Amino acid sequence: QVQLVESGGGLVQPGGSLRLSCAASGFTFSSYSMSWYRQAPGKERELVATITSAGGSTSYADSVKGRFTISRDNAKNTVYLQMNSLKVEDTAVYYCRADRGFFYMPYWGQGTQVTVSS
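Residues numbered from 1 in each chain as written. Predicted model: local features only at pLDDT ≥ 70, side-chain atom pairs only at ≥ 80, totals over all residues. Heavy atoms only, no water.

## Overview of the pattern of salt bridges
Inspection of the entire model under this criterion finds five salt bridges. Arg67 serves as the salt-bridge partner of Asp90, at 2.7 Å between the closest nitrogen and oxygen. Remark: Arg67 occurs in the loop between β6 (58–60) and β7 (68–73) and Asp90 occurs in the loop between β8 (78–83) and β9 (92–99); sequence separation between them is 23 residues. Owing to a relative accessible area of 0%, Asp90 belongs among the buried residues under this scheme. (Salt bridge = Lys/Arg side-chain N within 4 Å of Asp/Glu carboxyl O. Helix = DSSP H or I, 4+ residues; strand = E, 2+ residues; numbered from the N terminus. Buried < 20%, exposed > 50% of the residue type's maximum accessible area, 1.4 Å probe, protein only.)

Encoded structure:
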């Protein structure tokens, strides 16, 4: 059974940091690129960051470049999102997603809430 379980969300003040984790099971994690998405209330889900299957390449949304870092540990089947200098507008539910290409269905986690507020 495929599972993606996010953790690490919570309430943080502006300027603070959080580290999200997404633990994967039930599929060959090292064969999948991994991404973090987020969805704020009343807004569409948006792509935040992506890392390739071996971790050799990353990409970021312009809104988080220089503040967020995506990484993965294939030995632990886990992907991370280090979020620094958090802003109120980063408040959202954060989801991880696993992709293997056009012919494969992506997998989604259930999400973890991040709230940035003073």
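And the narrative resumes.
## A word on the pairing of β7
Burial along β7 is one-sided: the residues Phe68, Ile70 and Arg72 are buried and none of Thr69, Ser71 and Asp73 is. Two elements, β7 and β8, share six bridges in a ladder whose sense is antiparallel. Paired with Thr69 across the strands is Gln82, a residue of β8. Counted between consecutive antiparallel strands, the loop separating β7 from β8 contains four residues, among which Asn77 sits at a positive phi close to 55 degrees. (Pairing = 2+ DSSP bridges.)

## Description of the environment of Val114
Note on placement: Val114 falls in strand β11 (residues 112–116). Take Val114: its relative accessible area is 0%, and that puts it in the buried class. Excluding residues that lie within four positions of it along the chain, Val114 makes contacts with Gly9, Gly10, Leu18, Leu20, Met83, Asp90, Thr91, Ala92 and Tyr94. (Contact = heavy atoms within 4.5 Å.)

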